Amino acid sequence: MLEVRNIVKHFPGVRALDGVDLDVRAGEVHCLLGQNGAGKSTLIKILAGAHQPDSGTISFDDKPIRLATPTAAMRAGIATIYQELDLVDGLSVAENVFLGHEHSRFGFNRRGESRRATAGLLARLGHPEIPPDAEVGGLSPAAKQIVSMARALSHDARLIIMDEPSAALAHDEVANLFRIIRDLAAHGVSVVYISHRLEEIREIGDRVTVLKDGRAVASGLPAHDTPTREIVSLMTGRSIEHAFPDRTGAEFGDDVLRVTELTIPGVVDRVSFTVRAGEIVGLAGLVGSGRSEILEAVYGARPASGTVTVRGRPVRGGPHGAVRLGLGLAPEERKAQALLLDQSVAANITLATLGNHARFGWIDRRGERAAARRLIETLDVRPPDLDRPIRTLSGGNQQKAVLARWLAEDRTVLLLDEPTRGVDVGARAELYALINRLAGQGIAILLVSSEVPEVLGLADRVLVIRDGRIIHQAPAADLDEHAVLDMIMEGSAL
Amino acid sequence: MIDTRQRGNVAGREAVWRRITGTRHAGLVVALALLAVIGLVTVPDTFATSSNLVSILALASTIGVITVGMTFVIIGGGIDLSVGAVMALASVWGTTLATQSYGPAVMVLCAVLVGAGAGLVNGVLVAYGRLVPFIATLAMLVAARGLAQRISEKKTQLVQSANDVIVSLSTTRWLGLPLLVFLFALVVVVGWLVLNRTTFGRRTYAVGGNPEAARLAGINIRRHTMYLYALSGLCCGIAAVIIMARTTTGSSTHGDLYELDAIAAVIIGGTLLSGGRGTITGSILGLLIFTVITNLFILNGLDTSDQLIAKGLIIVIAVLLQRRNALGGTS
Ligand SMILES: Nc1ncnc2c1ncn2[C@@H]1O[C@H](COP(=O)(O)OP(=O)(O)OP(=O)(O)O)[C@@H](O)[C@H]1O
Ligand SMILES: [Mg+2]
């Protein structure tokens, strides 16, 4: 149905796509895999009409088409859910869903109709509880993801492209997403699906195309019976061994972070716990269970009652005060909460620790750049260029830069919210090793991840969160994935 | 060997990026050159004289100093509408009989402190009172003008001959230029250094570009915002000293509509009104373009109304060109 031939796309200083082919059949779920920066998002932006290729052809239903603008692509029947959410925060859910193709008569929006249609789409997506009138800015990242999905569905598209839709979703949400995708495919709609979670590919995909350095190194592989090892080595050019570091025998110091009776009315209910020096504590829970809110409240970024102390000293004065006591937070939504898109990679990395590279406010640029360069190398940010605006990096590489910000300096406590969001398998293993190393240096680490295996593999101790409360805690070694999933969904403590 | 080659490569890339960011200013330089050509063609014997060039620079000095402060505020995600009025207030306060009786040093100090103080009030209202910058500084615009009128009883206050040292800023020349042009240059250089070489400047970009990210990075964004307005007020105070020197007066009518010229200069210079991006160099080039236009209209004996129309057009053209550049960069 969709035939892409020999697409080339240059950006200043990079060749993002170097002659890519892609074939998508009607009613199939076609997975697009590749390392961070391989060119996946660039390819789908070309299909969405958001970028123009330098050369190459695209045909849809055996007819060559030109996708000059996003509107042209939508008219042709291609809808896209971008990697970085592009909703308008100040508008309502319904207004966002029908932005650009409002129900209107004589230029007046028929808001009742949009609201009804939106409610219908949200129900179809399994989320009737999201009010069509709510302002999008106040929704959780997962709910925003659902809204973008509703927007894609609102076009009655024949091809829906999803760029890492599951990165912001927890386990049950992913199951829900898959149900929708299967439903779409059954109705003859094709889906191009991008994810760094290989197990998802196996579950939902029909065929796989692997990109590497702007080229398709394999196309149309069967998703069900191509061994993961083969896919990984196609993507990375090597094989990845042990994903999670061995944490047995890790030694812990004194309690560093102590949280007592932390409460955010309606969200978090009297949560108390401690994290020791060198310990990794994982929070497992669904999106909306209060995990991210706990992290933000500990960091002073969200009003809450209760006490938080670091080495016995209370955290006061918002994030500014928290940072002074040695806390660092890598937030959940990199674009909204962490990145200065127009600024260079170096400026983004050193933002929080600029004081260390300055004397009386005067920046020691050489020191700053040297520190940034070291971190870029440690985290393998690509391209390794300090002066490039960070908006030109791929999603996964931006995420590495967000983490780098807090590794620039010795922290006492690191709060990591979805640290591997959008990071490819290879880089992920390196991140795990890095987090392990940081814990080894005596940093107390509090980690949130939607991926239960990640929490279990990385953390020493797991706190299971449901409805804003800790319903169970145990050493990670004593838990398995199913037990944790049972608990976070039904609350049946062991 | 390999090491140096890699470094050369990175340096080469840096140069490419710098050239790309530099083109924005190149457009402004070309526009300025074009205006100069127009001047040379239409009024050949008055435009390129040294006395005219000096008067352009002297004219640019007052608003120029204000523009530096405005650039900080706008990059930091705000706006300051009160600059002209605050400058007037500072010029009046600095030239009251009481102030003048303490001599020129106190007059300068008074003007600068009044400016900074008014800016601080703006800053507190915006940062801690959570007023929208537009509203807070609009209120200050009105109130500062009123206060200036009240203090001066709507009269123009002359700088007394005993305090002529201040006027000498305008009359004394060094290297052919009045001293106040050097004062302007000093403010520009210091402003550039603060914006580009200090943590304060870097944080200004962060606070304006993504306040939530800045906050979560541990930057005290309220305090920073307050400082930005105080800085703008400080620049108004310095501008007041310059206007006192140039006109030998303090008056509640000084600086009328300066806020518009300053904001326009900043925007023509490529600073985003939404914050997070911009340069001092661009703002100053934008200001020079504006000043030269005014000068050309005066020299050609054209109507000031046409001058306003021309300025309006220039703002629109400049922003349209910039937007095209920005779009060209991403797609
Ligand atoms: N607007 C841009 N300007 C310059 N370079 C860009 C731009 N957008 C993308 N690139 C570069 O193109 C390459 C491909 O990026 P792309 O976003 O397509 O990667 P990706 O496969 O989606 O990676 P990820 O898994 O991290 O999302 C990267 O090297 C990136 O830095
Ligand atoms: Mg991507």
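Residues numbered from 1 in each chain as written. Chains lettered and ligands numbered in written order. Predicted model: local features only at pLDDT ≥ 70, side-chain atom pairs only at ≥ 80, totals over all residues. Heavy atoms only, no water.

### Some points on the overall build of chain B
The condition is simple: In this text, helices come from DSSP runs of H or I with a minimum length of four residues, and strands from runs of E with a minimum of two, each type numbered from the N-terminal end. Between the two quantities, the radius of gyration covers C-alpha atoms and the globule rule is 2.2 Å times the number of residues to the power 0.38. Per-residue accessibility, obtained with a 1.4 Å probe over protein chains only, is compared with the maximum for each type, and a residue is labelled buried under 20%, exposed over 50%, and partly exposed between these values.
Of regular secondary structure, chain B possesses 15 helices and four strands. Against the compact-globule benchmark of 20 Å for 331 residues, chain B has a radius of gyration of 21 Å, which places it among compact chains. Its C-alpha atoms give chain B principal-axis dimensions of about 70 × 55 × 40 Å. A burial count over chain B gives 50% of its 331 residues as buried.

### Structural notes on the overall build of chain A
Under the convention used in this document: Values of accessible area rely on a 1.4 Å probe in the Shrake-Rupley scheme; residue burial ignores everything except the protein chains shown. Here Asp and Glu are counted as negative and Lys and Arg as positive; His is not counted, and neither are the chain ends. Charged side chains are reduced to one point each, which is NZ for Lys, CZ for Arg, CG for Asp and CD for Glu.
In terms of regular secondary structure, chain A is built from 17 helices and 24 strands. At 23 Å, chain A has a C-alpha radius of gyration in line with the 23 Å of a compact globule built from 494 residues. Taking the principal axes of its C-alpha atoms as reference, chain A extends roughly 70 × 50 × 50 Å. Residue burial in chain A is summarised as follows: out of 494 residues, 57% are buried. Carbon together with sulfur atoms contributes 48% to the accessible area of chain A, which is approximately 20000 Å² in total. Across chain A, the centroid of the 57 positively charged side chains sits 5 Å from that of the 64 negatively charged ones.

### So, helix H6 (residues 171-186) of chain A
Residue and element names in this part refer to chain A. Keep this limit in mind: Expected helix span is computed as 1.5 Å times (number of residues minus one). Whether two residues are in contact is decided by their heavy atoms: any pair within 4.5 Å suffices.
The terminal C-alpha atoms of H6, which comprises 16 residues, lie 23 Å apart, in line with the 22 Å expected from a rise of 1.5 Å per residue. Where H6 is concerned, the buried positions are Glu173, Val174, Asn176, Leu177, Phe178, Ile180, Ile181, Leu184 and Ala185. Looking at the buried residues of H6, the elements they touch are strand S3 (29-34), helix H4 (111-124), helix H5 (141-153), strand S9 (159-163), strand S10 (190-194) and helix H7 (198-204). At the C-terminal side of H6, glycine 188 shows a positive phi close to 85°.

### Things to note about the site of ligand 1
Residue and element names in this part refer to chain A. Using the following cut-off: Proximity is defined per residue: any heavy atom of the residue falling within 4 Å of a molecule or strand makes that residue near it. Identification of polar contacts relies on pairs of N or O atoms within 3.5 Å, with a donor-acceptor requirement for protein atoms, meaning one able to donate a hydrogen and the other able to accept it, and with residues adjacent in sequence counted only if both atoms are side-chain atoms.
By nearness alone, 21 residues border ligand 1, and Ser41, Thr42, Thr392, Ser394 and Gly396 come closest of all. Between glycine 39 and ligand 1, the recorded distance is 2.9 Å, taken from a backbone N or O atom to an oxygen atom. The separation between an oxygen atom of ligand 1 and a polar side-chain atom of serine 41 is 2.7 Å. In isolation ligand 1 exposes 640 Å². Once the protein is present, 93% of that is buried.

### Section: the coordination of the magnesium ion (ligand 2)
All names here are of chain A. As a reminder of what qualifies: Any N, O or S atom lying within 2.8 Å of the metal counts as a donor, and for Na, K and Ca the limit rises to 3.2 Å; water is left out, so some sites can look incomplete.
Coordination of the magnesium ion (ligand 2) by the protein comes from Ser41 (OG) and Gln83 (OE1), over a distance range of 1.9 to 2.2 Å. Highlighted residues: serine 41 in helix H1 (residues 40-47) and glutamine 83 in the loop between strand S6 (78-81) and helix H3 (93-97), separated in sequence by 42 residues. Residue class for serine 41 comes out buried when judged on its relative accessible area of 17%. Of the residues examined, glutamine 83 reaches a relative accessible area of 16% and is grouped as buried.

### Overview of the sheet that holds strand S24 (residues 469-475) of chain A
In a beta sheet, neighbouring strands pair by backbone hydrogen bonds and run either parallel or antiparallel. Residues and elements named next belong to chain A. Here is the rule we go by: Criterion used throughout: strands pair if DSSP finds at least two bridges between them. Axis geometry follows a simple rule: fit a line to the C-alpha atoms, using only the stretch in contact for helices, then measure angles between N-to-C directions, giving values from 0 to 180 degrees.
Strand order in the open sheet made by the six strands is S18-S21-S22-S15-S23-S24, with mixed pairing throughout. With partners counted over all chains shown, the strands left at the sheet margins are strand S18 (327-330) and S24, one partner each. The mean inter-strand angle of the sheet, taken between neighbouring strand axes irrespective of direction, is 15°. In the packing of helix H14 (residues 395-407) onto the sheet, contacts are made with S18 and strand S21 (413-417), and the angle to S18 comes to roughly 180°. Packing of helix H15 (residues 425-440) onto the sheet brings it into contact with strand S15 (280-284), S21 and strand S22 (444-448), and relative to S22 it is tilted by some 145°.

### Examining the interface of chain B and chain A
Put simply, the rule reads: For any pair of parts, buried area is found by adding up, for both, the accessible area (1.4 Å probe) each one loses once the two are put together. For this analysis, a salt bridge means a side-chain nitrogen from Lys or Arg found within 4 Å of a carboxyl oxygen belonging to Asp or Glu. Residue polarity is assigned by list, with Asp, Glu, Lys and Arg as charged and Ala, Val, Leu, Ile, Met, Phe, Trp, Tyr, Cys and Pro as nonpolar; anything else, Gly included, falls into the polar class.
If you look at the interface, chain B gives 27 residues, while chain A gives 40 residues. Between chain B and chain A, a total of about 2900 Å² is buried, with carbon and sulfur atoms accounting for 58% of that surface. Where chain B touches chain A, the interface holds two salt bridges. The salt bridge partner of aspartate 342 of chain A is arginine 277 of chain B, with a shortest N-O separation of 3.2 Å. Listed by contribution, the elements that provide at least two residues to the side of chain B that touches chain A are helix H1 (2-42), helix H9 (179-197), helix H10 (199-209) and helix H11 (211-216) of chain B. Its residues placed into classes, the side of chain B that touches chain A shows ten nonpolar, eight polar and nine charged.

### Overview of the packing of helix H8 (residues 164-171) of chain B against helix H12 (residues 221-247) of chain B
Residues and elements named next belong to chain B. Note the threshold: Any angle between 65 and 115 degrees counts as roughly perpendicular, while under 35 counts as roughly parallel, over 145 as roughly antiparallel, and the rest as oblique.
Between H8 and H12, the least distance of the axes is 7 Å, while the angle of their chain directions is 85°. When the interaxial angle is binned, H8 and H12 end up roughly perpendicular. Of the residues in H12, those in contact with Ile166, Val167, Leu169 and Ser170 of H8 are Val241, Met244, Ala245 and Arg246. Split into classes, the residues belonging to the contact of H8 with H12 amount to six nonpolar, one polar and one charged.

### Digging into the side chain of asparagine 176 of chain A
All names here are of chain A. With respect to the element layout, asparagine 176 can be found in helix H6. Within the local environment of asparagine 176, its side chain forms a polar contact with the backbone oxygen of leucine 125, the two atoms lying 2.8 Å apart. Residues within four places of asparagine 176 in sequence aside, it is in contact with Leu125, Gly126 and His127.

### A word on the packing of aromatic side chains
Residues and elements named next belong to chain A. As a reminder, the rule being used: Any two rings among Phe, Tyr and Trp, with Trp reduced to its six-membered ring, count as a pair given centres within 6.5 Å; such a pair is stacked if its planes are under 30 degrees apart, edge-to-face if over 60, and tilted if neither.
Considering all chains together, one arrives at five aromatic pairs over all chains under this definition. Aromatic pair phenylalanine 244 and tyrosine 432: ring centres 4.8 Å apart, planes at 25°, arrangement stacked. One end of the pair, phenylalanine 244, is in the loop between helix H8 (228-236) and strand S13 (255-264); the other, tyrosine 432, is in helix H15, and 188 residues separate them in sequence. Owing to a relative accessible area of 30%, phenylalanine 244 belongs among the partly exposed residues under this scheme. The buried category is assigned to tyrosine 432, whose relative accessible area is 4%.

### A look at the domain arrangement of chain A
All names here are of chain A. What counts is decided by this rule: Marked domain ranges trace back to an automatic or database domain assignment.
If you check the domain split of chain A, you get domain 1 (2-236) and domain 2 (255-490). Between the C-alpha centres of domain 1 and domain 2 there is a distance of 28 Å. Domain 1 puts 27 residues into the contact, and the matching count from domain 2 is 24 residues. Sorting the residues of domain 1 by area buried against domain 2 places Asn36, Glu84 and His171 first, and these three jointly supply 27% of that buried surface.

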